[in-house]
Amino acid sequence: MEVDLNLVLGALVVIGVAAITVTLMLVVRRRAPEGSYFSDGDRASGVFGVLATGFSVLLGFIIFLAFDSYDQSRSGAETEATILAQQVETAQYMPKDSSEQLTGQLVCYARSVVGLEWSALEHGTLGDSINPWGAEMFRTLKATDPKTATEQSAYDRWMDQTAARQQARIARVHGAEGIIPTPLWIVLAVISGVIFGYMLFFADRGERAVTQGVLMGSVTVVITLLLLLLVFFNHPHGEGFGRLQPTAMERSLRQIDSELAIIAPDLKPPCNEHGTAN
């Protein structure tokens, strides 16, 4: 079984940071007085408890909000894929010329989401870009003239589905460039540094080296893991363990291909397999 690169990198980061802080603790311990640098250990522990509690509450709240954003992106991808599959069915009730064009453009939209768009999400380069096939569908729809009651009903239904699909797309891409602002990262980094620095004052020459190492190492591992979790939620798209994949759109695309093989076997979408126009 292939080990995920992100997991390996995360494990190396945790081990590396813990090794640095434990080494610092053991170095400081050599010159530390017995009983630590604090004359009143209880009071020092109380202050540390305030620091740790404030940091954990802040970090926990941020992780909760980041997870909520992650879940919105996941739900948006699922909803967008479902609505797109429904629009393929709606397109079959539109005027014949428009029906063929819209169906092909929907297929290209799905292909571009799975290919080009998801790659841009992974690298944070999507920005405010629109899906080009969304614009093509709008152009086709603008030239559509529904005459029968069925066509008019399908036209109205299409407009509603388009609005819902666009909203779902916004939910999917809103976290592509990161949701945690830079000042917040700076605050978290400073507080983490303060906690690590404060821990060094607990260095005690009278304690065993193993005990001192575990004291610093356990705090380091917990804080580093939480920060790495926040980094993960800050960029949820792309390759790697737990990251969002275009699974829902790929599933809808397979379903659409199966349907079109029956109802429109001669249809040729105006794009290649990656969603780029022919």
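Note that the coordinates shown come from a computational prediction; the quantities given were computed from them, not determined experimentally.

### Some remarks on the state of the cysteines
Per the stated rule, a full pass over the model turns up one disulfide. Between the sulfur atoms of Cys-108 and its disulfide mate Cys-271 the distance is 2.2 Å. Where Cys-108 bonds to Cys-271 through sulfur, the torsion about that S-S bond is close to -100 degrees, and the disulfide is left-handed. With a gap of 163 residues between them, Cys-108 in helix α3 (residues 96-123) and Cys-271 in the segment after α8 (247-263) connect regions that are remote in the sequence. Take Cys-108 and Cys-271: they sit in the same class, and that class is buried.

### What to know about the pattern of salt bridges
Scanning all chains against the criterion turns up eight salt bridges. In this structure, Asp-71 engages Arg-74 in a salt bridge whose closest nitrogen and oxygen atoms are separated by 2.7 Å. In this pair, Asp-71 and Arg-74 both sit in helix α2 (residues 41-91), three residues apart, roughly one turn of the helix. A relative accessible area of 26% places Asp-71 in the partly exposed class.

### Structural notes on the side chain of Thr-224
With respect to the helices, strands and loops of the structure, Thr-224 is situated in helix α7 (residues 209-234). Discounting residues that sit within four places of it in the chain, Thr-224 has contacts with Val-13, Val-14 and Val-17.

### Regarding the confidence of the model for the protein chain
The pLDDT averaged across the protein chain works out to 88; a share of 97% of its residues lies at or above 70. The least confident element of the protein chain, judged by mean pLDDT, is α2 at 88; the most confident is helix α5 (residues 149-173) at 93.

### Details of helix α6 (residues 182-200)
With 19 residues, α6 extends 28 Å from end C-alpha to end C-alpha; this agrees with the ideal 27 Å at 1.5 Å per step. By the burial criterion, the buried members of α6 are Leu-188, Ser-192, Ile-195, Phe-196, Tyr-198 and Met-199. The arc that holds the buried residues of α6, viewed along the axis, is 160 degrees, so those residues lie on one side. Among the exposed residues of α6, those pointing more than 90 degrees away from its buried face are Thr-182, Pro-183 and Ile-186.

### Here we look at the packing of α3 against α5
The geometry of α3 relative to α5 is characterised by a closest axis approach of 13 Å and an angle of 10 degrees between their N-to-C directions. As far as their axial angle goes, α5 and α3 are roughly parallel. Of the residues in α5, those in contact with Leu-102, Leu-106, Tyr-109, Val-113, Glu-117, Trp-118 and Leu-121 of α3 are Trp-158, Arg-165, Arg-169, Arg-172 and Val-173. Grouping the constituent residues of the contact of α3 with α5 by class yields eight nonpolar, no polar and four charged.

So, how was this worked out
Residues numbered from 1 in each chain as written. Predicted model: local features only at pLDDT ≥ 70, side-chain atom pairs only at ≥ 80, totals over all residues. Heavy atoms only, no water. Disulfide = S-S within 2.5 Å. Helix = DSSP H or I, 4+ residues; strand = E, 2+ residues; numbered from the N terminus. Buried < 20%, exposed > 50% of the residue type's maximum accessible area, 1.4 Å probe, protein only. Salt bridge = Lys/Arg side-chain N within 4 Å of Asp/Glu carboxyl O. Contact = heavy atoms within 4.5 Å. pLDDT = per-residue confidence, 0-100. Expected span 1.5 Å × (residues − 1). Arc of directions from axis to C-beta. Axes fitted to C-alpha atoms, helices over the stretch in contact; angles between N-to-C directions. Parallel < 35°, antiparallel > 145°, perpendicular 65-115°, else oblique. Nonpolar A, V, L, I, M, F, W, Y, C, P; charged D, E, K, R; others polar.

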